[in-house]
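Chain residues, written in single-letter form:
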Amino acid sequence: MDPGRGEWSLYGGFVEENESLDDAANRVLYQLTGLKDIYMKQVGAFGAIDRDPGERVISIAYCALINVKDYDKSLLEEHKVEWVNLDDMPKLYSDHNDMVKKAITLLRRRISSEPLSFNLLPDLFTLTQLQNVYEAILGENIDKRNFRKRIKTIEYIEKTDYIDKITSKRGAALYHFNKEAYMEDPIFKL
């Protein structure tokens, strides 16, 4: 649509009269991916006076953690949407690059204090899989020994009796996220 026709931009939509901002974000995400009930957080409001040359527009940006195996590819094709590697991200329309940067900053800050990575992992996972998610979100390599030492101190990441013999030649221990232990953390008790 004009202005911005032919330019790269983030996918979005308008808030309908009968819905909240969160409901609108969830609706747009569902229309685009076919996914419901996934981790999604508001990134912020973007409302510079001159951000859109057509008229006064205020955008509320959200970020969601989506496992690439889960979304409906036909919906992406229908809406002419593409996934782009952050390292190869083109110049986006208006302040959309700023929205992406702020979303990445938000995720990087929260990965150390919230169990974000479990939204992208199977119920049972190896420490290597967990480390790969951390590295992808942080955008940097992490020392394997220090990572494992730190993870083993987190009470809501529990080792199971199961072994992964499919992706690991020697057989790697499988872990799971204990949601009850996470919610019992004193940080949640008022």
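One can find the structure itself at the top, above this paragraph.
Presented here is an overview of the structure given in this document. Remember, predicted model here, so these are calculated numbers, not experimental data.

**Here's the deal with the overall build of the protein chain**
When its secondary structure is counted, the protein chain shows 6 helices and 4 strands. Helices (α) and strands (β) of the protein chain occur, in sequence order from the N terminus, as α-β-β-α-α-α-α-β-β-α. Taking the principal axes of the C-alpha coordinates as reference, the protein chain spans close to 60 × 45 × 30 Å. Contacts in the protein chain between residues far apart in sequence, at least 24 positions, make up 52% of those at least 6 positions apart.

**Digging into the packing of helix 4 (residues 127-138) against helix 5 (residues 144-151)**
Remark: helix 4 packs on helix 5, axes separated minimally by 11 Å, with the N-to-C direction vectors making an angle of 105°. It follows from the interaxial angle that helix 4 and helix 5 lie roughly perpendicular. Taking contact as the criterion, the partners of Leu127, Thr128, Leu130, Gln131 and Tyr134 in helix 4 are, on helix 5, Lys144, Phe147, Arg148, Arg150 and Ile151. Per-class residue counts for the contact of helix 4 with helix 5 are 5 nonpolar, 2 polar and 3 charged.

**Brief notes about the pattern of salt bridges**
Counted according to the given criterion, the structure contains 4 salt bridges. The closest approach of N and O atoms between Arg27 and Glu19, which form a salt bridge, is 2.6 Å. Neither residue differs from the other here; Arg27 and Glu19 are each classed as buried. As a salt-bridge pair, Arg51 and Asp95 come within 2.7 Å of each other at their nearest N and O atoms. On the criterion of sequence distance, the pair formed by Arg51 in the loop between strand 1 (40-46) and strand 2 (59-64) and Asp95 in the loop between helix 2 (73-78) and helix 3 (96-110) is long-range, its members being 44 residues apart. Residue classification places Arg51 among the buried positions, given a relative accessible area of 8%. For Asp95, a relative accessible area of 11% corresponds to the buried category. Here the salt bridges share partners, and the residues they tie into one network are Glu16, Glu19 and Arg27.

Cut-off values and rules
- Residues numbered from 1 in each chain as written.
- Predicted model: local features only at pLDDT ≥ 70, side-chain atom pairs only at ≥ 80, totals over all residues.
- Heavy atoms only, no water.
- Helix = DSSP H or I, 4+ residues; strand = E, 2+ residues; numbered from the N terminus.
- Contact = heavy atoms within 4.5 Å.
- Axes fitted to C-alpha atoms, helices over the stretch in contact; angles between N-to-C directions.
- Parallel < 35°, antiparallel > 145°, perpendicular 65-115°, else oblique.
- Nonpolar A, V, L, I, M, F, W, Y, C, P; charged D, E, K, R; others polar.
- Salt bridge = Lys/Arg side-chain N within 4 Å of Asp/Glu carboxyl O.
- Buried < 20%, exposed > 50% of the residue type's maximum accessible area, 1.4 Å probe, protein only.

Shape descriptors only; they carry no functional weight alone.
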